[in-house]
Amino acid sequence: MREHPIELSVNGTEITAGVEPRMTLADFLRDKCGLTGTHLGCEHGACGACTVLLDGEAVRSCLMFAVQADGTEVTTVEGVAEPDGTLSPVQSALRECHGLQCGFCTPGFVMSLTALLRDNPDPSDHEIREGLSGNFCRCTGYQGIVAAARRAAETQSVTQR
Ligand code: FES
Ligand code: FES
């Protein structure tokens, strides 16, 4: 099948590639960019494991074609920590608050929470649960994840003072 040229930024790196029109953004990130932190659970938009930021918005990368990401800026879970490896407030809080067990869902939660707290730095529990309603976790019962969201919000508000 004919490949289409695309140019996009992934975690700050400019990438030019040829992709088949049917290739999803998730497969592009995992198979062409080697960024396997973006996980595939359901592959039909239900679980949120494949969530990435596209021009800052949390999107399900299994529901998008790579050609649709032409000209955009994509951030995956690999691009969330500082360049020296220091975890982001969301990542640290998930670790501190036991917000993960097997970790399969975690990249998606990290990306959704990162976008949520950027747009709403002091969310209520209801807003946290609403904001995470598109991400499924089969291990944690969500309590630790919600606690991590609160903790990350506190940490961010302290560092921004
Ligand atoms: S793998 Fe994309 S939403 Fe489940
Ligand atoms: S930590 Fe296992 S699915 Fe969420």
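Residues numbered from 1 in each chain as written. Chains lettered and ligands numbered in written order. Predicted model: local features only at pLDDT ≥ 70, side-chain atom pairs only at ≥ 80, totals over all residues. Heavy atoms only, no water.

- Per an unreviewed UniProt entry, the protein goes by the name 4-hydroxybenzoyl-CoA reductase subunit gamma and belongs to Mycobacterium nebraskense.

### As for the sheet that holds strand S3 (residues 51–54)
Right, on to step 1. The 5 strands are arranged S2-S1-S5-S3-S4 in an open sheet whose pairing can be described as mixed. In this open sheet, the two edge strands, each paired with only one partner strand, are strand S2 (13–19) and strand S4 (57–60). Between one strand and the next, the sheet's axes are offset by a mean angle of 40 degrees, whatever the strand orientation.
Right, on to step 2. For strand S1 (residues 4–10) and S2, the ladder comprises 7 bridges, and the chain directions are antiparallel. By the bridge assignment for S2, Val10 is matched with Thr13.
Right, on to step 3. In this fold helix H1 (residues 25–32) packs onto S1, S2, S3 and strand S5 (73–75), with an angle of close to 110 degrees to the strand it touches most, S2.
Right, on to step 4. The strands that helix H3 (residues 106–119) touches are S3, S4 and S5; relative to S3, the one it contacts most, it runs at about 40 degrees. (Pairing = 2+ DSSP bridges. Helix = DSSP H or I, 4+ residues; strand = E, 2+ residues; numbered from the N terminus. Axes fitted to C-alpha atoms, helices over the stretch in contact; angles between N-to-C directions. Contact = heavy atoms within 4.5 Å.)

### Details of the pattern of salt bridges
Right, on to step 1. Taken as a whole and assessed by the stated rule, the structure comprises 6 salt bridges.
Right, on to step 2. For Lys32, the salt bridge is made with Glu3, and the minimal N-O distance between the two is 3.9 Å. Separated by 29 residues along the polypeptide, Lys32 in helix H1 and Glu3 in the segment before S1 bring together distant segments of the chain.
Right, on to step 3. Judged by its relative accessible area of 43%, Lys32 is partly exposed. (Salt bridge = Lys/Arg side-chain N within 4 Å of Asp/Glu carboxyl O. Buried < 20%, exposed > 50% of the residue type's maximum accessible area, 1.4 Å probe, protein only.)

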